[in-house]
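Commentary on secondary and tertiary structure
Here are the chains, one letter per residue:
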Amino acid sequence: MALAWFHCFSGIAGDMALGALLDAGADVDEVRDVIARLPVSGWELQAEVVQRAGLRATRAVVHAPEDPDHHRTFADLRGLLAGADLPERVRARALSVFTALAQAEGRLHGVPADAVHFHEVGALDAIVDVVGTCAALELLDIDEVRTSPVTVGLGTVRAAHGDLPNPAPASLALLAAAGIPVTGVASPIELATPTGAALLAGLVAGSGPLPPMTPSRVGYGAGGRDVEGRANVVQVVIGTASPAPEEAALSGPGQPMVELAANLDDVSGEVLAHTLAALLAAGANDAWITPIVMKKGRPAHTLHALCNPAQAGTVGAVLLAESGSLGLRATAVERWPQVREELVVDLDGHAVRVKRAGNRVKAEHDDAAAAARALGRPLREVLAEVERLAGRDL
């Protein structure tokens, strides 16, 4: 599994996150090509090599005209993403970022998420930062994002509503909602911006020190100016997750997750199956159905969805809309996913995807079934042969 770990020892901003990934090897022209699929125009993205406290870094510079639509709503941003021909993981990640921000802003202002008007983060340059960062993660084929604790400043910052405390309320709300620890320094500079905090809240699967991994690339994304006494950069370390010992599988805190559930006694099997697929498409890590008996002896089902806390709003909305349920429950849980790798096995000219974790090998059922039909062989034989081939070098 490919990991990207952001070291936010000097905070994080949208342009810093994008700059770090460009510095780590994401091609700026390819990132531009992905952003250009959005139905917005007039922007330019450049990558500049700069020095911050003597450290070479890349600064992502977005030039954008005066944006008359910089007060876009959450619904506006969803429409931009829905109407663009983006890679699916780029779209899902960008939507998760804006969802996290809308929920945080909604709580701060006491309004529903859909009624939130973005200010700085609704502007064109921030949209380029968010979608560009998600595009760079895709180009680097990153499976999971993690972060260190985030350093924040002191004093006040100027925002659209006037002077606000530093760190900005939106930044702190986003980091708190995602369970990301912070550490303060006596610097009167906004080290963690709302865009940077939203990227972490919407993308990271966990926080803490550098996870066990084999590093392959390191990038440094520069802030817009030098900061006295520290390198104003965010560091990103990219590599392959190192398998943890089996006996340590549950050591330390797990990934914070949310389990959503609703009891349903008035939906058909077809609707249940469709809703299950819709939940997975909306970003749920897993979704499943269990049979139950409700009041008055009614046979029914519980529909479950497991997701990142930042995506709970999006996934919950899909659950309610597709199932017709009048409500749902949410439970905070933790998970300890085992490190796995994916590979493709060629069986007589037919590609079959395989997952390997520890000493276990599992073929992808749909691929194996297609190969079995094409070859005229029993499925169980194809599964056994593919898993034998994939497990030869374990």
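Our subject is the structure listed above.
In this report, we go over the structure that sits alongside the text. Fair warning: this is a prediction, and the values are worked out from it, not measured in the lab.

A word on the pattern of salt bridges. It is possible for side chains bearing opposite charge to pair when their charged atoms get close. Applying the stated criterion to the full structure yields 12 salt bridges. One salt bridge connects D141 with R89, and the closest N-O pair in it is separated by 3.4 Å. With D141 in the loop between α5 (124-139) and β4 (144-147) and R89 in helix α4 (residues 88-109), this pair connects stretches of sequence that are 52 residues apart. The class for D141 is partly exposed, based on a relative accessible area of 47%.

Okay, the packing of helix α3 (residues 74-82) against α4 next. Their axes nearest at 10 Å, the elements α3 and α4 cross at an angle of 180 degrees. Between α3 and α4, the crossing angle belongs to the class labelled roughly antiparallel. Contacts between α3 and α4 involve F74, L77, R78, L81 and A82 from the former and R91, A94, L95, F98, T99 and A102 from the latter. By residue class, the composition of the contact of α3 with α4 is 8 nonpolar, 1 polar and 2 charged.

Moving on: the side chain of T99. Assignment of secondary structure puts T99 in helix α4. In terms of polar contacts, T99 uses its side chain to reach the side chain of T314, at 3.2 Å. The residues contacting T99, other than those within four sequence positions of it, are F74, A310 and T314.

Turning our eyes to something else, we now look at the sheet that holds strand β18 (residues 360-363). On the basis of which strands lie adjacent, the open sheet formed by 3 strands has the order β16-β17-β18 and antiparallel pairing. Each of the sheet's edge strands pairs with one partner strand only, and the pair in question is β16 (341-347) and β18. Adjacent strand axes in the sheet meet at a mean angle of 30 degrees, parallel and antiparallel pairs treated alike. Taken together, the 7 bridges between β16 and strand β17 (residues 350-357) define a ladder with antiparallel strand orientation. Following the sheet pairing, E342 is matched in β17 by K355. Its contacts with the sheet put helix α10 (residues 365-375) on β16, β17 and β18, and the angle it makes with β17 is roughly 145 degrees. Running at roughly 120 degrees to β16, helix α11 (residues 379-390) makes contact with β16, β17 and β18 of the sheet.

This part covers the side chain of S148. Turning to its location among the elements, S148 is positioned in the loop between β4 and β5 (150-152). Here the side chain of S148 touches C8 through a polar contact of 2.8 Å, landing on its backbone nitrogen. Each residue touching S148, except ones within four places of it in the same chain, is listed here: W5, F6, H7, C8, I180 and G208.

Take the packing of α4 against helix α6 (residues 169-177) next. Following both chains from N to C, one finds α4 and α6 inclined at 115 degrees, their axes separated by 9 Å at the closest point. Between α4 and α6 the crossing geometry is right-handed. On α6, the residues touching A100, L101, A104, E105, R107 and L108 of α4 are P169, A170, A173, L174 and A177. For the contact of α4 with α6, a count of residues per class yields 9 nonpolar, no polar and 2 charged.

Within a regular strand, the side chains alternate between the two sheet faces. Summarising the sheet, strand β1 (residues 2-7) and β4 pair through 4 bridges and their orientation is parallel. Bridging across to β4, F6 finds its partner in T147. Note: β4 against strand β9 (residues 204-207), 3 bridges, orientation parallel. Across the sheet, residue R146 finds its bridge partner in β9, namely G206.

The complete set of buried residues in α10 reads D367, A368, A369, A371 and A372. In the stretch just after α10, G376 is the one whose phi turns positive, near 70 degrees.

Under the criterion given, the structure shown has 0 disulfides. In this model C307 remains outside any disulfide bridge; the closest cysteine sulfur is found in C134, 17 Å from its own.

Another point: the nonpolar core. By size, the foremost hydrophobic cluster in this structure holds 68 residues, and its most contacted members are F6, V31, L38, L45 and V150. Residue contributions to this core peak at 9 residues, all from α5. Not counting the four nearest positions on each side in its chain, V150 is found in contact with C8, G11, I12, L175, I180, P181, V182, T183, A192 and L200.

In this structure the tally under the stated criterion is 0 aromatic pairs. Across the ring face of F74, the terminal group of R78 is positioned such that the distance to the ring centre comes to 4.6 Å.

In this section: empty space enclosed by the protein. In this structure the tally under the stated criterion is 1 cavity of 30 Å³ or more. In this model, the largest cavity occupies a volume close to 40 Å³. Lining the largest cavity are F6, I12, A17, T133, V145, L199, L200 and L203. Grouping the constituent residues of the lining of the largest cavity by class yields 7 nonpolar, 1 polar and no charged.

Take T183: it is sitting in strand β8 (residues 182-184). When residues no more than four places from it in sequence are discounted, the contact partners of T183 are V150, T151 and V152.

Our focus in this paragraph is unusual backbone geometry. With omega at 10 degrees, the peptide bond leading from N166 into P167 counts as cis. Non-glycine residue A53 carries a positive phi angle of around 55 degrees. Following the sequence through the fold, A53 ends up in the loop between β2 (44-52) and β3 (55-63). On the accessibility criterion, A53 (57% relative accessible area) is exposed. Here the phi dihedral of D141 falls at roughly 60 degrees; this positive angle occurs in a residue that is not glycine.

Calculation criteria
- Residues numbered from 1 in each chain as written.
- Predicted model: local features only at pLDDT ≥ 70, side-chain atom pairs only at ≥ 80, totals over all residues.
- Heavy atoms only, no water.
- Salt bridge = Lys/Arg side-chain N within 4 Å of Asp/Glu carboxyl O.
- Helix = DSSP H or I, 4+ residues; strand = E, 2+ residues; numbered from the N terminus.
- Buried < 20%, exposed > 50% of the residue type's maximum accessible area, 1.4 Å probe, protein only.
- Axes fitted to C-alpha atoms, helices over the stretch in contact; angles between N-to-C directions.
- Parallel < 35°, antiparallel > 145°, perpendicular 65-115°, else oblique.
- Contact = heavy atoms within 4.5 Å.
- Nonpolar A, V, L, I, M, F, W, Y, C, P; charged D, E, K, R; others polar.
- Polar contact = N/O pair within 3.5 Å; in protein donor to acceptor, adjacent residues only side chain to side chain.
- Pairing = 2+ DSSP bridges.
- Left-handed = near helix turned anticlockwise from the far one by under 90°.
- Disulfide = S-S within 2.5 Å.
- Core = buried A, V, L, I, M, F, W, Y, C linked by side-chain atoms within 4.5 Å.
- Phe/Tyr/Trp six-rings, centres within 6.5 Å; stacked < 30°, edge-to-face > 60°.
- Lys NZ or Arg CZ within 6 Å of the ring centre and 35° of its normal.
- 1 Å grid on protein atoms, 1.4 Å probe; cavity = no way out; pocket = protein on both sides within 12 Å on 5 of 7 lines; lining within 4 Å.
- Points joined across faces, edges and corners; volume = space filled by probe spheres on them.

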